[in-house]
Amino acid sequence: MNSFTKAAQKLSLTQPAASQHVRQLEKELGVTIFVRGEGNLKLTSEGEIVIKYAKRIVSL
C-alpha cells in the first residue's frame, strides 16, 4: 500500500481520518513513520521498526 487513500479505503475510513491517525501515532511515538510525497508513501527506518513491532504484537 503506498497511499493514505488506498489504506483508508481498505480500512473503511476517509483519507483525512487515516492521515490523522498516522500523524497521531507519529506524535505519540516521537518518530516519523512515512516519508510523504506526491501521493506516494515510503517507510522511514523508524517506520520499518514500528511495522516490525506491530506485526509482533498482532501475532501474540
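The structure contained in this document is the topic of the report that follows. (Residues numbered from 1 in each chain as written. Predicted model: local features only at pLDDT ≥ 70, side-chain atom pairs only at ≥ 80, totals over all residues. Heavy atoms only, no water.)

Some remarks on the overall build of the protein
Put simply, the rule is: Put simply, DSSP H or I for four residues or longer makes a helix, DSSP E for two residues or longer makes a strand, and each gets a number counted from the N terminus. This radius of gyration counts C-alpha atoms alone. The globule rule is 2.2 Å times how many residues there are, raised to the power 0.38. Burial status follows relative accessibility: with a 1.4 Å probe on protein chains alone, a residue under 20% of its type maximum counts as buried, one over 50% as exposed, and anything between as partly exposed. Only heavy atoms matter for contacts: two residues are in contact if any of them lie within 4.5 Å across the pair. All accessible-area figures derive from a Shrake-Rupley calculation using a 1.4 Å probe, and residue coverage is judged against the displayed protein chains alone. Only four residue types enter the charge count: Lys and Arg as positive, Asp and Glu as negative, with His and the chain ends excluded. Where a charge sits is defined by one atom per residue type, namely NZ (Lys), CZ (Arg), CG (Asp) or CD (Glu).
In terms of regular secondary structure, the protein is built from 3 helices and 2 strands. Written out in order from the N terminus, the α and β elements of the protein read α-α-β-β-α. Since a compact globule built from 60 residues should have a radius of gyration of about 10 Å, the 12 Å found for the protein is in line with a globular shape. For the protein, the spread of C-alpha atoms along the principal axes amounts to about 30 × 25 × 20 Å. Within the protein, the fraction of its 60 residues that count as buried is 23%. Long-range pairs, those at least 24 residues apart, make up 17% of the contacts in the protein with a sequence separation of at least 6. Looking at the protein as shown, the accessible area adds up to about 4800 Å², and 58% of this sits on carbon and sulfur atoms. The averaged location of the 5 negative side-chain charges in the protein is 6 Å from the averaged location of its 9 positive side-chain charges.

Structural notes on the nonpolar core
Convention followed: Nine residue types can take part in a nonpolar core, namely buried Ala, Val, Leu, Ile, Met, Phe, Trp, Tyr and Cys, and a core is a set of them joined through side-chain atoms within 4.5 Å.
The biggest cluster of nonpolar side chains holds 6 residues, and these are F4, V22, I33, F34, L41 and V50. With residues near it in sequence (within four places) discarded, L41 still touches N2, S3, F4, F34, V35 and R36.

Topic: the packing of helix 1 (residues 4-11) against helix 2 (residues 15-29)
Keep this limit in mind: Only C-alpha atoms enter the line fits that serve as axes; for helices the fit covers just the stretch in contact. Angles between N-to-C directions range over 0 to 180 degrees. In this scheme, roughly parallel covers angles under 35 degrees and roughly antiparallel covers those over 145, while 65 to 115 is roughly perpendicular and the rest are oblique. Classification used: nonpolar for Ala, Val, Leu, Ile, Met, Phe, Trp, Tyr, Cys and Pro, charged for Asp, Glu, Lys and Arg, polar for all others including Gly.
Two elements in contact, helix 1 and helix 2, have axes separated by 8 Å at closest approach and are oriented at 105°. In terms of orientation, helix 1 and helix 2 fall into the roughly perpendicular class. Contacts between helix 1 and helix 2 involve F4, T5 and A8 on the former and, on the latter, Q15, A18, S19 and V22. Each residue belonging to the contact of helix 1 with helix 2 can be placed in one class, and the counts come to 4 nonpolar, 3 polar and no charged.

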